[in-house]
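Chain and residue survey
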Amino acid sequence: MPTRMLIVFNPAAGARRRRRLLAALDLMRGVGLRPEVADTARRGHAVELARDAARCGVPIVVAAGGDGTIAEVADGLAGSDTALGVLPLGTANVLALELGIPRAPAQAAAVLAMGRTALLHPGLARHADGRELLFVQMLGAGFDAAVVHNLSTPLKRAIGKGAYVWQTLREMPRYSFAPIRAVIDGRVEDAASVIVSKGRLYAGRFLLAPGADPRLEGFHVALFRDAGVVAAMRYGAALPLGLLPRLRGVDIMVGQEVRLDGAGCPAQADGDAAGCLPVTIAAAPRPMRIVVP
Ligand SMILES: Nc1ncnc2c1ncn2[C@@H]1O[C@H](COP(=O)(O)OP(=O)(O)OP(=O)(O)O)[C@@H](O)[C@H]1O
């Protein structure tokens, strides 16, 4: 009996991604899978689609998109026995890179057909109004979140990662660099920006937190101590060179529970805007299974 599988796809992501999805679907059918596709109609819809599929006992729900879509599908599957699959069709695909999930449709389909799973430990951010947000890769507060909040989606669809570079250059002269207070398992730390990471990588293949692994519990918290344009330029230049974790003014701490405070400071989770501080971050109540190579 072929394995049932729901593929959750964001049609707003463009015709090129639809073509890559169709190629993957053909290959999946060829290796005995029975994929059904559900298109999202709006932001947040992937949570509902995944939750409904899990209630119906679908064994695997595949997020066909980037980290934002993966986080929404993971949110919908939380607490169920349905495994999360990934077809990396996003702009940065950080979780897929982290776990070695291939981008090419043929190889990605083969991974789903094998169905080997690992445990994934998502993070859960709680806002002051009680709203909760699940994330699989990272939550950023401060400068990188300002970039995400003000990023133009049409530009991102048109030029991909270049849109982040463009927006970073636009934010540098105008971002306020308001101070952030991080409380990591009770230790108080001050920073200009903070990234609470589940994984090693950031913004693609760039090294942020050596030793971090989304298959393990806990968080690596990168504290960017220095404020201002010059510091932001140093951090931005060190990232693609792989030097960020060793850079003066960057400290990485490990913890299980993180509280971030900073009046009006923007937050982003898995590359999507996630309101403002304060937030409290802890492990999601239950780990989940993810299909891996
Ligand atoms: N039908 C839709 N219309 C508008 N937005 C949607 C729709 N479906 C999903 N979205 C939103 O689009 C966001 C971005 O999608 P996704 O993360 O898959 O691609 P990406 O941003 O290009 O990839 P990456 O996270 O790797 O940069 C998702 O977080 C989701 O909330």
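Here the structure is a predicted model, which means the values were calculated and not measured.

**Points about the site of the ligand**
As a structural note, the neighbourhood of the ligand is formed by 21 residues, with G65, G66, G68, T69 and G90 the closest of them. Across the shell around the ligand, the residue classes break down as five nonpolar, 11 polar and five charged.

**Here's the deal with the domain arrangement of the chain**
Interface size is often expressed as the accessible area that is lost when the parts come together. Examined at the domain level, the chain breaks down into domain 1 (3-115) and domain 2 (123-289). Summarising the inter-unit geometry, the C-alpha centres of domain 1 and domain 2 are found 25 Å apart. With 19 residues of domain 1 at the contact, the number on the domain 2 side is 25 residues. Elements with a contribution of two residues or more to the side of domain 1 that touches domain 2: α3 (67-77), β4 (83-88) and α4 (94-99). Looking at the side of domain 1 that touches domain 2, the element that brings in the most residues is α3, giving seven residues. For the side of domain 1 that touches domain 2, the residue count by class is 11 nonpolar, five polar and three charged.

**What about the environment of G85?**
With respect to the helices, strands and loops of the structure, G85 is situated in strand β4. What makes G85 buried here is the crowd of 29 C-beta atoms within 10 Å. Distance in space between the C-alpha atoms of G85 and P35 is 12 Å, their sequence separation being 50 residues. Those residues in contact with G85 that sit more than four places away from it in its chain are M5, I60, V61, V62, L112 and V291.

**Topic: unusual backbone geometry**
L277 connects to P278 through a cis peptide bond whose omega is 5°. Here P278 lies in the loop between β18 (272-276) and β19 (279-283). Non-glycine residue N93 carries a positive phi angle of around 55°. One can find N93 in the loop between β4 and α4. Here the phi dihedral of D185 falls at roughly 50°; this positive angle occurs in a residue that is not glycine. As for its placement among the helices and strands, D185 is situated in the loop between β9 (180-184) and β10 (187-191).

**Observations regarding the sheet that holds strand β7 (residues 132-135)**
The six strands are arranged β7-β6-β19-β16-β9-β10 in an open sheet whose pairing can be described as antiparallel. The two strands at the open ends of the sheet, each matched to only one other strand, are β7 and β10. Sheet twist, expressed as the mean angle between neighbouring strand axes with direction ignored, is 20°.

**Overview of the nonpolar core**
Ranked by internal contacts, the top residues of the largest apolar core, which has 97 residues, are V8, V61, V62 and L84. At six residues, helix α2 (residues 45-55) tops the list of elements feeding residues into this core. Of the residues that make up this core, three or more belong to each of domain 1 (3-115) and domain 2 (123-289).

**Let's talk about α2**
Here α2 has its buried residues at A46, V47, L49, A50, A53 and A54. Elements in contact with the buried residues of α2: β1 (3-9), β2 (33-39), β3 (60-65) and α3. G57 sits one or two positions beyond α2 and adopts a positive phi of about 80°.

**Side note on helix α6 (residues 143-150)**
Across the eight residues that make up α6, a large majority, six, are buried. Those residues of α6 that sit buried are F143, D144, A145, A146, V147 and V148. Check the buried side of α6 and you find it contacts β8 (138-141), α8 (162-171), β11 (193-197), α9 (229-238), β17 (266-269) and β18.

**Things to note about the environment of A41**
Position of A41 relative to the elements: it lies in the loop between β2 and α2. Classification of A41 by C-beta neighbours within 10 Å gives partly exposed; the count is 13. Residues A41 and M233 lie 192 residues apart in sequence; the distance between their C-alpha atoms is 38 Å.

**Section: the pairing of β11**
A large share of β11 lies buried, amounting to five of its five residues. A two-sided burial pattern is seen for β11, the buried positions comprising S193, I195 and S197 on one face and V194 and V196 on the other. Both β8 and β11 contribute to a ladder of four bridges, which runs antiparallel. Note that in β11 the partner of A141 across the bridge is V194. With five bridges connecting them, β11 and strand β14 (residues 219-224) associate as antiparallel partners. Counterpart to S193 in the pairing with β14 is F224.

Analysis parameters
Residues numbered from 1 in each chain as written. Predicted model: local features only at pLDDT ≥ 70, side-chain atom pairs only at ≥ 80, totals over all residues. Near = placed C-beta within 6 Å. Nonpolar A, V, L, I, M, F, W, Y, C, P; charged D, E, K, R; others polar. Domains from an automatic or database assignment. Contact = placed C-beta atoms within 7 Å. Helix = DSSP H or I, 4+ residues; strand = E, 2+ residues; numbered from the N terminus. Buried ≥ 20, exposed ≤ 12 C-beta atoms within 10 Å, placed from the backbone. Pairing = 2+ DSSP bridges. Axes fitted to C-alpha atoms, helices over the stretch in contact; angles between N-to-C directions. Core = buried A, V, L, I, M, F, W, Y, C linked by C-beta atoms within 7 Å.

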